[in-house]
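Chain residues, written in single-letter form:
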Amino acid sequence: MNIQEIIVVEGKDDTTAIKRAVNADTIETNGSAISEEILRRIEHAQQKRGVIVFTDPDYPGRRIRAIIEERVPGVKHAFLAKEKTIAKNGKGLGIEHARDEDIREALSNVYTPNAQGHIEAEITMEDLFVARLIGHPQSKNRRLRLGEILNIGMTNGKQLHKRLTMFQITVEQFGQAVAQLDQEEQNV
């Protein structure tokens, strides 16, 4: 699998895992204290080939993603579920621990946010409440699973609404994902 865009990862172990799974170039942020020089390299990469942000599903990874999204509009995003990034010994979490096939799947389900400025949200906060994704004892678990189903990553309630809008998830896609979530819960 060849990837045209340059993939932004957190460190050299992530680069090793990416190169093991696909043919791609990477830029390493070297942690969440992302430097001005790295941000300029990412901007240049976006202009030349495009960028896919592929960070760990944890707080530092989400922070890096937000910094890049704000500085370099239009970057694409790839997400991996937390359980697919846990080290074999259970100590550690990151893209570097993911299986090659999981990395390839994440990179084949890349999202591009709408670059045309403000877009109207199709899915409302009330929809999230009705779907028990906010304001319910199981909301966190439901959001985690919904993020996996839609390949948009783990979020809190406010981030979920923003991400659904940013990635233009339709009411139909949202409804199907919530139905799948409800079905899975009934079968437990």
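Thresholds applied
- Residues numbered from 1 in each chain as written.
- Predicted model: local features only at pLDDT ≥ 70, side-chain atom pairs only at ≥ 80, totals over all residues.
- Heavy atoms only, no water.
- 1 Å grid on protein atoms, 1.4 Å probe; cavity = no way out; pocket = protein on both sides within 12 Å on 5 of 7 lines; lining within 4 Å.
- Points joined across faces, edges and corners; volume = space filled by probe spheres on them.
- Helix = DSSP H or I, 4+ residues; strand = E, 2+ residues; numbered from the N terminus.
- Pairing = 2+ DSSP bridges.
- Salt bridge = Lys/Arg side-chain N within 4 Å of Asp/Glu carboxyl O.
- Buried < 20%, exposed > 50% of the residue type's maximum accessible area, 1.4 Å probe, protein only.
- Polar contact = N/O pair within 3.5 Å; in protein donor to acceptor, adjacent residues only side chain to side chain.
- Contact = heavy atoms within 4.5 Å.

### What about the layout of surface pockets?
Logical step 1: In this structure, the second largest pocket encloses a volume near 290 Å³.
Logical step 2: Taken together, 22 residues form the lining of the second largest pocket, with F79, L80, A81, G147 and E148 sitting closest to its centre.
Logical step 3: When contributions to the lining of the second largest pocket are tallied by element, the ones reaching two or more residues are α3 (59-71), α4 (100-108) and α6 (139-150).

### Re the sheet that holds strand β4 (residues 76-77)
Logical step 1: Taken in spatial order, the 4 strands of this open sheet run β2-β1-β3-β4, and their pairing is parallel. Lying at the two open borders of the sheet, with one neighbouring strand each, are β2 (26-28) and β4.

### Comments concerning the pattern of salt bridges
Pairs may arise between side chains of opposite charge once their charged atoms sit close together.
Logical step 1: Taken as a whole and assessed by the stated rule, the structure comprises 14 salt bridges.
Logical step 2: R99 is the salt-bridge partner of D102, the closest N and O atoms lying 3.4 Å from each other.

### Considering the side chain of H77
Logical step 1: By secondary structure assignment, the location of H77 is in strand β4.
Logical step 2: Overall, H77 belongs to the buried group, its relative accessible area being 1%.
Logical step 3: Separated by 2.5 Å, the side chains of H77 and E69 make a polar contact.
Logical step 4: Not counting residues up to four positions away in its chain, the partners in contact with H77 are I52, V53, R65, E69, N109, V110, Y111, P113 and F167.

### A short note on unusual backbone geometry
Logical step 1: In this model, R132 sits at a positive phi of 60 degrees, which is unusual for a non-glycine residue.
Logical step 2: Mapping R132 onto the fold places it in the loop between α5 (125-130) and α6.
Logical step 3: Residues other than glycine seldom take positive phi values, yet N151 does so here, at roughly 55 degrees.
Logical step 4: For N151, the location among the structural elements is in the loop between α6 and α7 (157-166).

Function cannot be read off these values alone, since they describe shape.
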